[in-house]
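Overview (structure and organization)
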Amino acid sequence: MIVPAIDSSIGMEVYSTNVKGISGSIKRTADQFIVEELLDNMALDLTNNADKEHEYPLYLLQKEGIDSTHAIKEAELATGLKLKAVGLKDAKAVTKQYVSSARRYRDTKKHITTKHCTLDLVGFTRRPIAKGKLVGNRFTITITGFMHDNVEKSIGELEEAIHRNRIANFYGYQRFGSSRAVTHLVGRELIKRNFKGAVELFLCHPGRYDNKETIEIREACKDYSNFPKVLKIMPEQMDLERVLLQELASSNDPIKALRKLPITIRRLFVQAYQSYLFNRSLSKAIKEGYDIGSARNGDVCLHVANNNIVGTRRFDENVTAMQLPAMPIVGYAFRDNNRFSSIAKSVLEEAGVHKNDFYVKEMQELSVEGGFRSMSLLCSQFSHVLDKSLQLAFVLYKGCYATVLLRELMKPADPIAAGF
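From a predicted model like this one, the values you see are computed outputs, not experimental measurements.

1. Examining the pairing of strand E13 (residues 390-397)
Counting buried positions along E13 yields 6 of 8 residues, so the element is predominantly enclosed. Bridge analysis of strand E7 (residues 134-143) against E13 gives 8 bridges, and the strand direction is antiparallel. If you follow Ile143 over to E13, its bridge partner there is Leu390. By the bridge criterion, 6 bridges tie strand E12 (residues 379-386) to E13 in an arrangement that is antiparallel. Looking at the pairing, Leu386 lines up with Leu390 of E13. Linking E12 back to E13 in an antiparallel pair, the connection comprises 3 residues.

Have a look at this one:
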């Protein structure tokens, strides 16, 4: 099956199933895409009231019509707190996620409302929330406008692929900027030390779905003499571009400009390029006929118990936990020592990139060691209700993308137009 151009551009060069696509749309309204974070409550050490050991307030943040980065910024302005989250959530959805204060703070409000968010105090923890506390996400998604004649058959085949760990665990569209898939392109320039090129890409690279005004602004950004004029007309939603332009207009120093961006955004660029290389490596493995759901001796595996990943280690035929083969996420510590790392190495060579490029001496905060990621998507509690619309409910392990699962079921000809 031929994949859409945007899929190939972010490394998703294949489908991992032969499920006949039902087409359709998602996210026509925000309440058709509901996401709720699931935490490891046993590991939280949460108390209802602050004491000498529990001084970090933990909130449940519900938002709609705004992405996580901007929602947190909005909440920080409302609370006066420096907040930390463990997951990023899309703007076109109703989402619930956990945020905690990055500093000790006992005297805090129990309920806070902002333009796009509500925050409810859950309790107090010993230290700020960390990624290790996130188990996964629960999704409730409505698909409309689908083809009726093969829906139940396609869902049955999808469930079988889930059960057999045959859904490829690609990084989804959001990782790359969705309709303007540019974050990985910026990341590549950063690891190549082309900081000027990275800034210019982020400012000027047009998105397929940009409106006329945005296209004209991005075109104007190609000429530094236009910056004062562009700053006056730049819309509110281009706030990151505004930050870059203001510093460039002042210092004409791309590194200084990049460092004006939040550290999470700067790191996201490099992580997105890692994600692109991972997607290409996983695509290549599928094209070459590898079974992404079955491990064998020599493989690095993610060991899974009760739908939670409990460790990353070599395949061991004596353990009872489920073992999912893992593909390397390439960084400066990457080693070519098994069959899947050899695939990743070949993709690196094709891209003209070396593992040492991921140690960025000039901006060390962007350096990434690398790691491993399951080649198959870990999904549980899948169910569906079919009526005039199709409602799906399921749980994904952290880092897995609902849009990647939906892509296998819907196989949209134009993912962005379909709501992805």
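2. Thoughts on the side chain of Glu74
Checked against the element boundaries, Glu74 lands in helix H3 (residues 68-79). Comment: no salt bridge for buried Glu74; closest opposite-charge side chain is Lys115, at 6.6 Å. Filtering out sequence-adjacent residues up to four positions away, Glu74 remains in contact with Ile66, Thr114, Lys115, His116 and Cys117.

3. A closer look at the pattern of salt bridges
As enumerated under the stated definition, the model contains 27 salt bridges in all. Between Glu53 and Arg126 there is a salt bridge, with its nearest N and O atoms 3.0 Å apart. Of this pair, Glu53 sits in the loop between helix H2 (41-44) and strand E2 (56-64) while Arg126 sits in the loop between strand E6 (117-125) and E7, placing them 73 residues apart in sequence. You can call Glu53 partly exposed: its relative accessible area is 46%. Within the structure, one salt-bridge network assembled from shared partners comprises Glu13, Arg280, Lys284, Lys287 and Glu350.

4. Regarding the side chain of Arg166
Secondary-structure assignment places Arg166 in the loop between helix H4 (151-163) and helix H5 (183-191). Within the structure, Arg166 has its side chain in polar contact with the side chain of Asp291 (distance 3.2 Å). Once residues lying within four places of it in the same chain are set aside, the contact partners of Arg166 are Ser16, Thr17, Ala161, Asp291, Ile292, Gly293 and Ser294.

5. Here we look at H4
In this model, H4 (13 residues) spans 18 Å end to end at C-alpha, consistent with the 18 Å of a helix rising 1.5 Å per residue. Packing partners of the buried residues in H4 comprise E12, E13 and helix H13 (402-410). Just past H4, the residue Asn165 takes up positive phi, approximately 55 degrees.

What counts, and at which threshold
- Residues numbered from 1 in each chain as written.
- Predicted model: local features only at pLDDT ≥ 70, side-chain atom pairs only at ≥ 80, totals over all residues.
- Heavy atoms only, no water.
- Buried < 20%, exposed > 50% of the residue type's maximum accessible area, 1.4 Å probe, protein only.
- Helix = DSSP H or I, 4+ residues; strand = E, 2+ residues; numbered from the N terminus.
- Pairing = 2+ DSSP bridges.
- Lys, Arg positive; Asp, Glu negative; His and termini not counted.
- Salt bridge = Lys/Arg side-chain N within 4 Å of Asp/Glu carboxyl O.
- Contact = heavy atoms within 4.5 Å.
- Polar contact = N/O pair within 3.5 Å; in protein donor to acceptor, adjacent residues only side chain to side chain.
- Expected span 1.5 Å × (residues − 1).

The analysis is restricted to geometry; functional conclusions fall outside its scope.
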